[in-house]
Amino acid sequence: MKENPFASLPQIEKLLSSPALEKWILRISRPLTAEICAEVIEEERNHIRKGEQPKDTNAIFQSIEKQCEMLYRMRVQKIVNATGIILHTNMGRSPIAPSVWSLAEEVNTGYSNLELNLATGKRGQRTGLLPRLLKTLTGGETSLIVNNNAAAVYLILSALAKDREVIVSRGEQVQIGGGFRIPDILAQTGAKLVEVGTTNITTAKDYINAVTPETAMVLLVHQSNFVIRGFSQKPDIKELIKGLPEEVIIAVDQGSGLTDETIEGEISVQSYIRAGADIVCFSGDKVLGGPQAGIITGNGKYIDICAKHPLMRVFRPGKTIYSLLEAFLIEKLNKTARGIAQKVLKIDMETLKKRGKKILKGIPKDLADIMPATLLAGGGSSPEKELPSQAVVLCSNESPGRIQNFFRMQDPPVIGTVQDNRFLLNIATILPEDETHVSFCIKKYFENGED
Ligand SMILES: *Cc1c(COP(=O)(O)O)cnc(C)c1O
């Protein structure tokens, strides 16, 4: 009797119970690993049908693992940011401090009083202590939290300026990242854009002269990802406020959530509040350093209107965000936690050099060394302001793009940059706890990566 040629192929259940696939079952789930096994085996059946030689078991495992890895690479996972951009939207912006994460843990793993007032036992507001904490931090009378700052701008315009005029400077009609254009957002919310000034110059008078009975709001927008250099002028906010009628709302899309002096030349949230802005909104996960959120702070009368708008139901965050933001702001006010930008911008050059040497310990200088590099805040703050940093530079005959790929394929991936045809690992944004991993990857590269 002729032997069944398919009988030599391993069974899917057998494959799944082998130790080699355990790791992938944990990482992408058993059903997805099983699907990949089935696909690979089916491919082998096709080979046999065509009279080709099937792969041996080892090669079958290799091909399964390769495909499991491809799926695993699609997961949101830890990476090492060695780009020298502190707040990178592609890399999750601000890391959340472990102490903040653990403070918020039990709120999320059990039931919580998200909308239950513990004093009365009745239904409460989904705001927790946040308005009080934010008042102390920024001076804003009350605050409202939404999913991100884009939602904050959208809500402010929808609730306070629908079918009415909003005055925006021609120099501030910006696009922030993926398709968030101020003029388009205005149109979407039903607000009517009134452009004033020029690209480089807008004065307080330009705004004041554009006011009509239809004017609901003056909207100031942080330029975020570009600068206008040379002959340019922004309005003096105090002069602007003095000249505007009482009923015209002054709203500021501050963007970064800066609340201290860490970034020179940036106007903090509390400076706008102090100067008399009615409403200021900003991201939770940029310079502020918390979780992704949009924070609206300022005059209670206007914030209440936003809070009661039907869109608030669409934009409201869940318990994860409220609990993380509360824990973060408490630690921030107590100075036991800081945002990543505050931390990284404070590291001095000597420390960076020392950390670089530690990373390169045991690695010959002709393979890798440290050199001066630059640091950027990112996340729509100080687009141009480069600060000094240090980087590990790899010396190899391989193209920097290929070295970059090697590091990106590590576990966890290490994301470096290519500059002047050299591959750099910027030390300032490498978290101290990741130094040994970076060191390990450099050694691994020189042992078996370089070809
Ligand atoms: C980043 C930014 C936004 C968008 O904020 P998200 O939190 O990403 O939604 C809007 N306006 C300004 C000025 C910004 O800098």
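Below, the structure is looked at part by part. If you're wondering where the values come from, they're calculated on a predicted model, not measured in any experiment.

## Focus on unusual backbone geometry
1) Next: Backbone torsion omega between Asp 411 and Pro 412 reads 0°, so that peptide bond is classified as cis.
2) Next: Tracing the sequence through the fold places Pro 412 in the loop between helix H17 (400-408) and strand S14 (414-415).
3) Next: Even without being a glycine, Asp 163 presents a positive backbone phi close to 65°.
4) Next: Judged by its relative accessible area of 46%, Asp 163 is partly exposed.
5) Next: Notably, Asn 421 is not glycine yet its phi reads approximately 60°, a positive angle.
6) Next: Inspection of the secondary structure assignment puts Asn 421 in the loop between strand S15 (417-419) and strand S16 (422-426).

## Remarks on the packing of helix H6 (residues 130-138) against helix H14 (residues 319-333)
1) Next: At a closest axis distance of 10 Å, the pairing of H6 and H14 adopts a crossing angle of 35°. In this structure, H6 crosses over H14, and the sense of that crossing is left-handed. Across from Leu 130, Leu 133, Leu 134, Thr 136 and Leu 137 in H6, the residues of H14 making contact are Tyr 322, Leu 325, Glu 326, Leu 329, Ile 330, Lys 332 and Leu 333.

## Some remarks on helix H3 (residues 30-49)
1) Next: When the terminal C-alpha atoms of H3 are compared, their 28 Å separation across 20 residues agrees well with the 28 Å that a helix rising 1.5 Å per residue should span.
2) Next: On the buried face of H3, the contacting elements are helix H1 (12-16), helix H2 (19-28) and helix H4 (57-72).
3) Next: The positive-phi residue at the C-terminal boundary of H3 is Gly 51, with phi of around 80°.

What counts, and where the lines are drawn
- Residues numbered from 1 in each chain as written.
- Predicted model: local features only at pLDDT ≥ 70, side-chain atom pairs only at ≥ 80, totals over all residues.
- Heavy atoms only, no water.
- Helix = DSSP H or I, 4+ residues; strand = E, 2+ residues; numbered from the N terminus.
- Buried < 20%, exposed > 50% of the residue type's maximum accessible area, 1.4 Å probe, protein only.
- Axes fitted to C-alpha atoms, helices over the stretch in contact; angles between N-to-C directions.
- Left-handed = near helix turned anticlockwise from the far one by under 90°.
- Contact = heavy atoms within 4.5 Å.
- Expected span 1.5 Å × (residues − 1).

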